[in-house]
Amino acid sequence: MKSFLLLCAAFLSTIVLSAQSDARYHTHTERIAQFSKPNKLLSSTIDAEGNGSLEYTNPKNQVLRFRLLNHRLQIQHGGIAFQLFSYQNNELQKIENFDLQGKLAGERVSQNEAVTEFIIEKKDEYLKKKKLIDAAEGNIDLADDSQEKIIRVKLLDSKRKPISEKEPSYISSKTYWNYAVRMYWP
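Let's talk about the pairing of strand β5 (residues 82-88)
Link 1 in the chain: Counting buried positions along β5 gives six out of seven residues, so the element sits mostly inside the fold.
Link 2 in the chain: Two strands pair when backbone bridges link them, and strand β3 (residues 62-69) and β5 are joined in this way by five bridges, in the antiparallel orientation. Bridge pairing in β5 places Phe-66 opposite Phe-82.
Link 3 in the chain: The pairing of β5 with strand β6 (residues 91-98) spans seven bridges and is antiparallel. Counted as the bridge partner of Leu-84 is Glu-96 from β6.
Link 4 in the chain: Linking β5 to β6, which pair antiparallel, is a turn of two residues; within it Asn-89 sits at a positive phi near 55°.

Some remarks on the pattern of salt bridges
Link 1 in the chain: The full count for this structure, using the stated rule, is eight salt bridges.
Link 2 in the chain: One salt bridge in this structure joins Lys-129 and Glu-148, with 3.4 Å as the shortest N-O distance. Here the residue Lys-129 occupies a position in helix α2 (residues 123-135), and Glu-148 occupies one in the loop between α2 and β8 (151-157), the gap between them amounting to 19 residues.
Link 3 in the chain: Judged by relative accessible area, Glu-148 falls into the partly exposed class, the value being 36%.
Link 4 in the chain: Of the charged contacts in the structure, one is a salt bridge between Asp-134 and Lys-130, with a shortest N-O distance of 2.6 Å. Note that Asp-134 and Lys-130 are positioned in helix α2 at a spacing of four residues, about one turn of the helix.
Link 5 in the chain: Overall, the relative accessible area of 33% leaves Asp-134 in the partly exposed class.
Link 6 in the chain: Note on Lys-130: relative accessible area 26%, which makes it partly exposed.

A short note on the confidence of the model for the chain
Link 1 in the chain: Looking at the chain, pLDDT values average 87 and 87% of them are 70 or higher.
Link 2 in the chain: Contacts from residues 1-21, a stretch scored under 50 in pLDDT, to residues over four places away or in other chains number zero contacts.

Comments concerning the packing of α2 against helix α3 (residues 173-180)
Link 1 in the chain: Where α2 meets α3, the axes come as close as 10 Å, and the angle between the chain directions of the two elements is 65°. Taken as a pair, α2 and α3 cross one another with a handedness that is right-handed. Side by side, α2 and α3 meet where Tyr-126, Lys-129, Lys-130, Ile-133 and Asp-134 of the first sit next to Ser-173, Lys-174, Tyr-176 and Trp-177 of the second.
Link 2 in the chain: The class makeup of the residues in the contact of α2 with α3 is four nonpolar, one polar and four charged.

What counts and what doesn't
- Residues numbered from 1 in each chain as written.
- Predicted model: local features only at pLDDT ≥ 70, side-chain atom pairs only at ≥ 80, totals over all residues.
- Heavy atoms only, no water.
- Buried < 20%, exposed > 50% of the residue type's maximum accessible area, 1.4 Å probe, protein only.
- Helix = DSSP H or I, 4+ residues; strand = E, 2+ residues; numbered from the N terminus.
- Pairing = 2+ DSSP bridges.
- Salt bridge = Lys/Arg side-chain N within 4 Å of Asp/Glu carboxyl O.
- pLDDT = per-residue confidence, 0-100.
- Contact = heavy atoms within 4.5 Å.
- Axes fitted to C-alpha atoms, helices over the stretch in contact; angles between N-to-C directions.
- Left-handed = near helix turned anticlockwise from the far one by under 90°.
- Nonpolar A, V, L, I, M, F, W, Y, C, P; charged D, E, K, R; others polar.

Dropping the structure here:
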């Protein structure tokens, strides 16, 4: 009985310590004005050294994520520190990238895209492909269907102005699915 109580106490202290460490990182969410309150922790992979990622969510169907390295915000490719995913009816609408200060951050090595908006132009086609991808839990190689013009992307710069393009850009259903389940990191 005594060992059971000790085990329970150890388990509870682990939960409390984990919650406290995640709470200390919660202040980072305040840097992103577009991420509304109240918000709560969705997932954490932070290890004892303070390395890993955190995702927070809110009632507006947004997910804010960022990575830590030694308990400090980690800057990703292009100066990106935060990514804000916005969903509507369980479909990814856009991804916004932010720097350490919470300002929109464009991909410096490409076209300065800071916001990616997704437009599903052929919903029925995408839902068929999504069903296949979901059934395989993403572990499926599908032919690139971007030429079928199912999902269009619109890119905006760090001033939220459209990035000009000669013709519309399309991505594959699998690529969109990967974005939607947040498999992509800059």
